[in-house]
Each structure stands twice: as structure tokens, then as C-alpha cells.
Amino acid sequence: MAEPAFSPPVTVAITGASGAQYGLRLIDALAAAGHEVWVLVSKAAHLVIETETDASLPARPERLAQALIERSGAAPGQIRCFGREDWMAPVASGSGAPSAMVICPCSTGTLSAVATGASNNLIERAADVALKERRKLILVPRETPLSTIHLEHMLSLARMGAVILPAAPGFYHRPATVDDLVDFIVARILNQLDIEHRLMPRWGE
């Protein structure tokens with residue numbers, strides 16, 4: 001049987017900032033919307049995921065992909081995972097398949113590396129590619145308070161064309177659960193990607 005056709009891929013990178021729930025929920029939402037999802041998870045993110053959630057995800061890309069597929073109910077092959085130094089991954093080069101990228105949550109260390117073009121691992125390199133190819137790049141920092149360094153890096157990235165979308169949920173939709181707060185941010189990310197969803201109504205609807 002032929003593999004199912006998915007909507008264009010979206011790269012989701014989860015780094016070591018608090019807020020792993022945002023990244024995991026984003027993967028679920030993208031899969032539910034029919035998109036192929038390319039996932040990059042930093043070493044620190046694995047620790048944060050175990051600390052903040054009930055999930056314990058394997059580190060090996062193949063096993064991680066299978067775990068995320070089972071967790072989200074995605075179709076076989078819909079979620080692909082890449083190692084931290086997998087330089088043959090499509091996201092590592094501008095000549096690879098185009099993909100919007102979301103770093104969610106984005107640690108301030110990753111923010112700094114992306115702003116300065118460090119490219120020391122696949123997450124940083126993929127973000128560098130997104131910037132140079134003028135592709136959609138969304139960074140979701142979860143830090144407070146913000147230092148001058150953080151703010152200057154955010155400003156630099158915004159000037160480069162990246163979207164800075166802090167994990168700062170609103171309350172006008174009267175959230176009743178933590179999941180409602182998480183969905184608020186994930187909905188805003190999906191809006192930026194022009195992906196239809198039913199996580200929450202748009203303003204005025």
C-alpha cells in the first residue's frame with residue numbers, strides 16, 4: 001500500500017526551557033491537522049520532559065518517532081525524528097525540503113545561538129537554514145525575567161524575520177485547566193503557520 005500523503009512538513013524543536021508541554025501538544029496538533037512533523041529534541045529537553053510531564057521519551061530517533069506516533073495517534077511515518085548531529089537531515093541544508101520551523105519551548109541558550117549563527121547542533125543549524133532561506137521561523141521563549149541579553153537577541157531575530165512568540169498565555173478565554181493555557185499558545189503558533197485548528201476560537205468568533 002502507498003504511504004499516506006501528508007501536508008507540508010513542519011519542524012518542531014524542543015529545547016531545555018521549561019514548558020515541554022507546549023512542544024508536545026504542538027506535535028499532537030500538527031499531526032491531527034495532517035502535517036508531516038519533523039522533530040528535534042535536545043538532550044536537556046529530555047530531562048525537562050521527564051520532570052514536567054508523565055512522558056518518558058527514548059533518545060534514539062527511530063524509537064522517539066515511534067513513541068510520539070503512538071502518543072499522538074499519528075499515522076505511520078507522519079512523525080520523523082532526527083539526532084542532534086544528524087547533518088544529513090533535510091533541515092540541515094537549504095537544498096533540503098522546505099519546512100517552517102518552531103522552537104517550542106526555546107531556551108535562552110538556543111535563542112542566543114540562533115541569533116549569533118552558532119550552528120553547533122542540528123537545532124541551531126536548522127534555525128540558521130530557516131533564516132537564510134527566508135522560511136517561517138517561530139521561537140517560543142519561556143523565561144522570566146528577561147535580561148538585556150535576552151531582549152537584544154530577540155530584537156535581532158525579529159529584525160531577521162523570525163517570529164518571537166513568548167509562552168505567555170492569555171486569560172480572556174477563561175481557562176479552566178492547565179491544558180487550556182497550553183492550547184492558547186499552541187493555537188497562536190498554528191495561527192502563525194496558517195494552519196486550521198479547533199483548539200480555541202479566534203477573537204471575534
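Attention in this report is confined to the structure presented alongside it. Small disclaimer: the values here were computed from a predicted structure and weren't measured. (Residues numbered from 1 in each chain as written. Predicted model: local features only at pLDDT ≥ 70, side-chain atom pairs only at ≥ 80, totals over all residues. Heavy atoms only, no water.)

Overview of the overall build of the protein
In terms of regular secondary structure, the protein is built from seven helices and six strands. The order of α-helices and β-strands along the protein, N terminus first, is β-α-β-α-α-β-β-α-α-β-α-β-α. For 205 residues, the compact-globule estimate of 2.2 N^0.38 gives 17 Å, and the protein sits close to it at 16 Å. With respect to the principal axes defined by its C-alpha atoms, the protein has extents near 50 × 40 × 35 Å. Burial status across the protein gives 49% buried among its 205 residues. Within the protein, counting contacts between residues at least 6 apart in sequence, those at least 24 apart form 72% of the total. Within the structure as shown, the protein displays about 10500 Å² of accessible surface, and the carbon and sulfur contribution to it stands at 51%. For the protein, the centre of its 18 positive side-chain charges and the centre of its 21 negative side-chain charges are spaced 4 Å apart. (Helix = DSSP H or I, 4+ residues; strand = E, 2+ residues; numbered from the N terminus. Rg over C-alpha atoms; globule rule 2.2 N^0.38 Å. Buried < 20%, exposed > 50% of the residue type's maximum accessible area, 1.4 Å probe, protein only. Contact = heavy atoms within 4.5 Å. Areas by Shrake-Rupley, 256 points an atom, 1.4 Å probe, with all protein chains shown as cover. Lys, Arg positive; Asp, Glu negative; His and termini not counted. Charge placed at Lys NZ, Arg CZ, Asp CG, Glu CD.)

A look at the pairing of strand E1 (residues 7-14)
Counted residue by residue, E1 has six buried out of eight residues, so it is predominantly covered. Pairing of E1 with strand E2 (residues 35-41) involves six bridges; the strand directions are parallel. Pairing of Val12 across the sheet is with Val39, part of E2. In this view, the connection linking E1 to its parallel neighbour E2 by way of helix H1 (residues 20-32) has right-handed handedness. Note that E1 and strand E4 (residues 100-106) share four bridges and pair parallel. Counterpart to Val12 in the pairing with E4 is Val102. (Pairing = 2+ DSSP bridges. Right-handed = clockwise from strand over helix to strand, strands pointing away.)

Some thoughts on helix H5 (residues 122-132)
Summarising burial for H5: eight of the 11 residues are buried, a large majority. Within the span of H5, buried status applies to Leu122, Ile123, Glu124, Ala126, Ala127, Val129, Ala130 and Leu131. Residues of H5 that are buried make contact with E1, E2, E4, helix H4 (108-116), strand E5 (137-141) and helix H6 (148-160). Just past H5, the residue Arg134 takes up positive phi, approximately 60°.

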